[in-house]
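What follows is each chain in one-letter form.
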Amino acid sequence: MTEQNTSLAAKVPERDLANAIRALAMDAVQAANSGHPGMPMGMADAATALFTDHLRYDPANPSWPDRDRFVLSAGHGSMLLYALLYLTGYPDIDLEEIKKFRQLGSRTAGHPEYGHAAGIETTTGPLGQGIANAVGMAMAEAHLRARFGAELMNHFTYVIAGDGCLMEGISQEAITLAGHLKLNKLIVLWDDNRITIDGSTALSTSENVAMRFEAAGWAVDAVDGHDAAAVSAAIAKSKLSADKPTMIACRTTIGFGSPNKAGKSSAHGSPLGADEIKITREALGWPYGPFEIPDAILSAWRDAAKARAAEGRALGERFLAAPKDAQEAFENAFSGFVPGALLAALNEFKAKISAEKPSVATRKSSEMALEVVNSVVPTTIGGSADLTGSNNTLTKGLGTFAAGSYEGRYVYWGVREHGMAAAMNGMALHGGVIPYGGTFLAFADYCRPSIRLAALMGIRSIFVMTHDSIGLGEDGPTHQPVEQLAALRAIPGLNVFRPCDTVETAESWAVAVGSQTTPSLLALSRQNLPTLRETHTEVNLTAKGAYELLPAVGGIAQVSLFASGSEVEIAVKARDMLAHEGIRARVVSVPCMALFAAQDQAYQETVVGNAPCVGVEAGIAMGWEPILGVPTYFVGMEGFGASAPAKDLYKHFGITAEAVVEAAKAAIGK
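Notes on the structure follow.

Here is what the cut-offs are and how they apply
Residues numbered from 1 in each chain as written. Predicted model: local features only at pLDDT ≥ 70, side-chain atom pairs only at ≥ 80, totals over all residues. Heavy atoms only, no water. Helix = DSSP H or I, 4+ residues; strand = E, 2+ residues; numbered from the N terminus. Buried < 20%, exposed > 50% of the residue type's maximum accessible area, 1.4 Å probe, protein only. Contact = heavy atoms within 4.5 Å. Areas by Shrake-Rupley, 256 points an atom, 1.4 Å probe, with all protein chains shown as cover. Lys, Arg positive; Asp, Glu negative; His and termini not counted. Charge placed at Lys NZ, Arg CZ, Asp CG, Glu CD. Polar contact = N/O pair within 3.5 Å; in protein donor to acceptor, adjacent residues only side chain to side chain. Pairing = 2+ DSSP bridges. Axes fitted to C-alpha atoms, helices over the stretch in contact; angles between N-to-C directions. Salt bridge = Lys/Arg side-chain N within 4 Å of Asp/Glu carboxyl O. Right-handed = clockwise from strand over helix to strand, strands pointing away. Arc of directions from axis to C-beta. Expected span 1.5 Å × (residues − 1). Parallel < 35°, antiparallel > 145°, perpendicular 65-115°, else oblique. Left-handed = near helix turned anticlockwise from the far one by under 90°. Nonpolar A, V, L, I, M, F, W, Y, C, P; charged D, E, K, R; others polar. Phe/Tyr/Trp six-rings, centres within 6.5 Å; stacked < 30°, edge-to-face > 60°. Lys NZ or Arg CZ within 6 Å of the ring centre and 35° of its normal.

### Some details on the overall build of the protein
Then step 1. Across its full length, the protein holds 26 helices and 20 strands.
Then step 2. Summarising its shape, the C-alpha atoms of the protein cover approximately 90 × 55 × 45 Å along the three principal directions.
Then step 3. Residues counted as buried form 61% of the 670 residues belonging to the protein.
Then step 4. Here the contacts in the protein between residues at least 6 apart in sequence split such that 78% fall between residues at least 24 apart.
Then step 5. Carbon and sulfur atoms make up 53% of the accessible area of the protein, which amounts to about 24,300 Å² in all.
Then step 6. Distance from the positive charge centre (54 side chains) to the negative charge centre (70 side chains) of the protein: 2 Å.

What follows is the structure, given as structure tokens:
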């Protein structure tokens, strides 16, 4: 232990502190008859060293911006985290919550859930996500330290990762990026227990993990993971690194202390069993009953937490000594504050677009809108997965986020779509920044696990996905999204925007930046689209999800044409063609189905109307049924695309105004 905690060591051996974690883990898993006791039992000593000697945290002020961040990437070992939160005195996790592990309504879910309790920095469970989140957190810290100075922002990000985390491909994306960026305030403790669910890691891997990290530009150390003093010394050494993140390989035994299951896969994902727990208590020298933590041990843990919090409070005093304008900017950043000037600036931009009526791809529209957003909102950090010129995510004056220039607001992620999305989530979770990042919509599948977790956590990550249909043309079906829109719209809590022109794109950005508890995805075209919103309004119509773009000519509509994105133009042409045949059609633009579904019933009924409905979109029909009704009249894709110019493809696949006209006639019985 550190010097200030030596009195604790004299009173309570560190092994007893660690055994408290082990006991709570095996008791909670046994009570739930479900869970993973092995990892918490194996990493208890290392976690004790981290939480008593190094981690800067304050259970009484858990959201303090400059706290150290701790990520349990190996989320299946959630009882390690819950035990630590209880022992250190976080109010959200008391002993009753520990006893309700994995039960309905408890804060102690099977895997750590962000928002369930203070001290849970991110939702982990899908292996590899946590370490990639942590890279994003370290990036956010570095950027804010460069912006505000070390007096206001100067902390470490710690990770406990397991063998499974490092097998997942996303870990390699995250590790190589962190090494390239020289994120020296990122420290990973690898639980090197060499066991997976199937058995020994030798069944599936023979890589030299240490050399892998070294090759990626990390400092590497190795210790006995059951020697808390050695782990603490290794962490202390790591904190002195000037230009490298650090990985500490903690050689551990899964299920440490269990006479019959230690070191075996049987300790991984099942309760030890009552008989095994009894003899494990004896082997550990833990003569206490289930969920019983002696006062002396609990007090030692609480005292250690107070010592760590005292460090934080001392640093917090520097905030009060900072200039008032710096304090205000810092607080605004961490409040998620979006300047009120943004609304006025975007309205001015919309008016200009409606007057000038440019015909541009919505990916270009997005760049134009971002010029406004990034000039007004100082907390945005953009980037692209090696598609900057295609995604149009870079605007003037951002500067490059790179080793040695962390003040930059643009990240060149390289070809790391999955790592990018997960790191963006880490940035959003850290706070103080609003991340957005781009790739092609077809590659949303590479990002999907991270997009899903952003929605599950309710955080403001903004995914910019261009080349959103067969309209991208010659690159062919590997790059042409067909089912992606439906699949992404199926994710609860995700706003998927597909704007039809520059005005809707600007409105989409206004909603996305202003949505602190909802991730957003913008699906944008490669091909040029006309300005359809020719009459300016300060009302954000896109925020309604769907709205009547053009009414029927000459009376009540006989048919309603619904479309999103590039196909709204087709619907407008079909409306005009139907009018020539004496059929009254209205056009409804549907830029965001999720927002439309959130409107009250009266508004939805007004927009849908009473006339038969026809939909058109260069994707599959799935997801349109609630709007269009049954039978569903839909003009779109039924299979994969092809390689050809965009105009030829639309004609080949029958996504044309003529096809919409025929569908409209069928819908009204003509």
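### Description of the environment of I21
Then step 1. Structurally, I21 is set in helix 2 (residues 14–32).
Then step 2. Remark: the alpha-carbon pair of I21 and M43, spanning 22 residues in sequence, is separated by 9.3 Å.
Then step 3. Those residues in contact with I21 that lie beyond four places of it in its chain are P40, A44, T48, L80, A83, L84, L87 and W301.

### Topic: the side chain of D45
Then step 1. Relative to the helices and strands, D45 resides in helix 3 (residues 38–54).
Then step 2. Here the side chain of D45 touches R15 through a polar contact of 3.0 Å, side chain to side chain.
Then step 3. Of note is the side chain of D45, whose polar atom sits 3.1 Å from the side chain of H226.
Then step 4. The residues touching D45, leaving out its near neighbours within four places in the chain, are R15, A18, R22, G225, H226 and A228.

### A look at the sheet that holds strand 1 (residues 69–72)
Then step 1. One open sheet accounts for five strands, arranged 1-2-3-7-6; its pairing is parallel. A single partner strand is all that each edge strand has here, and the edge strands are strand 1 and strand 6 (219–224). Recorded for the sheet is a direction-independent mean angle of 20 degrees between the axes of neighbouring strands.
Then step 2. Where strand 3 (residues 186–192) and strand 7 (residues 246–251) come together, six bridges link them in parallel fashion. The partner of D191 across the bridge, within strand 7, is C250.
Then step 3. In this fold helix 6 (residues 129–148) packs onto strand 1, strand 2 (157–162) and strand 3, with an angle of close to 165 degrees to the strand it touches most, strand 2.

### Quick look at unusual backbone geometry
Then step 1. Along the chain, V630 connects to P631 via a cis peptide bond; the corresponding omega equals 0 degrees.
Then step 2. Of note, P631 is situated in the loop between helix 24 (625–628) and strand 20 (633–635).
Then step 3. With a phi angle near 60 degrees, F291 is a residue other than glycine that sits in the positive phi range.

### Quick look at the pattern of salt bridges
Then step 1. By the definition in use, this model includes 26 salt bridges.
Then step 2. The partner of D45 in a salt bridge is R15, with the nearest N and O atoms 3.0 Å apart. In this pair, D45 is assigned in helix 3 and R15 in helix 2, connecting sequence segments 30 residues apart.
Then step 3. Accessibility expressed as a relative area gives 2% for D45, which makes it buried.
Then step 4. Taking the shortest distance from any N to any O, the salt bridge between E121 and R67 comes out at 2.8 Å.

### Quick notes on the pairing of strand 7
Then step 1. For strand 7, a buried count of five out of six residues is recorded, marking the element as mostly surrounded by other parts of the structure.
Then step 2. The pairing of strand 6 with strand 7 spans six bridges and is parallel. Of the residues in strand 7, the one forming a bridge with A219 is T246.
Then step 3. Assessed by its sense of winding, the connection that carries the chain from strand 6 through helix 10 (residues 228–238) to strand 7 is right-handed.

### Quick notes on helix 10
Then step 1. By the burial criterion, the buried members of helix 10 are A228, V231, S232, A234, I235 and S238. Axial view of helix 10: buried residues confined to an arc of 160 degrees, hence all on one face.
Then step 2. Where helix 10 is buried, its residues contact helix 2, helix 3, strand 2, strand 3, strand 6 and strand 7.

### A word on helix 6
Then step 1. Look at helix 6: 28 Å from first C-alpha to last across 20 residues, which is about the 28 Å you get at 1.5 Å a residue.
Then step 2. The buried fraction of helix 6 amounts to 17 of the 20 residues, a majority that puts the element mostly inside the structure.

### Observations regarding the sheet that holds strand 9 (residues 380–384)
Then step 1. Strands sit in the order 10-9-11-12-14-13 across an open sheet of six strands; the sheet is parallel. Two strands close off the open sheet at either side, each with one partner strand: strand 10 (410–412) and strand 13 (495–497). Averaged over neighbouring strand pairs, the angle between their axes works out to 20 degrees when direction is ignored.
Then step 2. Here helix 15 (residues 362–376) sits on the sheet and contacts strand 9, strand 11 (434–440), strand 12 (462–466) and strand 14 (520–524); the angle it forms with strand 14, its principal contact strand, is near 135 degrees.
Then step 3. Packed onto the sheet, helix 18 (residues 444–457) meets strand 11, strand 12 and strand 14 and runs at close to 155 degrees relative to strand 12.

### Observations regarding the packing of helix 6 against helix 13 (residues 324–335)
Then step 1. Here helix 6 crosses helix 13 at 160 degrees, and the two axes come no closer than 11 Å. Between helix 6 and helix 13, the angle falls in the class roughly antiparallel. In this structure, the crossing between helix 6 and helix 13 has a hand that is right-handed. When helix 6 is examined against helix 13, the residues L144, R147 and F148 are found in contact with a partner set consisting of A326, A329, F330, A333 and F334.
Then step 2. Here the residues of the contact of helix 6 with helix 13 sort into seven nonpolar, no polar and one charged.

### Quick look at the environment of L183
Then step 1. Among the secondary structure elements, L183 is positioned in the loop between helix 8 (169–181) and strand 3.
Then step 2. The class for L183 is buried, based on a relative accessible area of 3%.
Then step 3. Sequence-wise, L183 and E141 are 42 residues apart; in three dimensions their C-alpha atoms are separated by 9.5 Å.
Then step 4. Setting aside residues no more than four positions away along its own chain, L183 makes contact with V135, A138, M139, A142, A178, K244, P245 and Y406.

### Considering the packing of helix 14 (residues 341–356) against helix 20 (residues 502–514)
Then step 1. Closest axis-to-axis distance for the helix 14/helix 20 pair is 9 Å, and the angle between their directions is 170 degrees. On the basis of their axis angle, the class for helix 14 and helix 20 is roughly antiparallel. Taking contact as the criterion, the partners of L342, L346, F349, K350, I353 and S354 in helix 14 are, on helix 20, T502, V503, A506, E507, A510 and V513.

### Things to note about the packing of aromatic side chains
Then step 1. Evaluated as defined, the whole model comprises 17 aromatic pairs.
Then step 2. Pairing F51 with Y57 gives two aromatic rings, centres 5.4 Å apart and planes at 55 degrees, and the pair type is tilted.
Then step 3. Overall, F51 belongs to the buried group, its relative accessible area being 3%.
Then step 4. An aromatic cluster is present here, built from F51, Y57, F70 and Y90 joined pairwise through their rings.
Then step 5. The ring of Y86 carries R302 above its face, with NZ or CZ at 5.4 Å from the centroid.
Then step 6. The ring of Y603 carries the charged tip of K544 above its face, separated from the ring centre by 5.1 Å.

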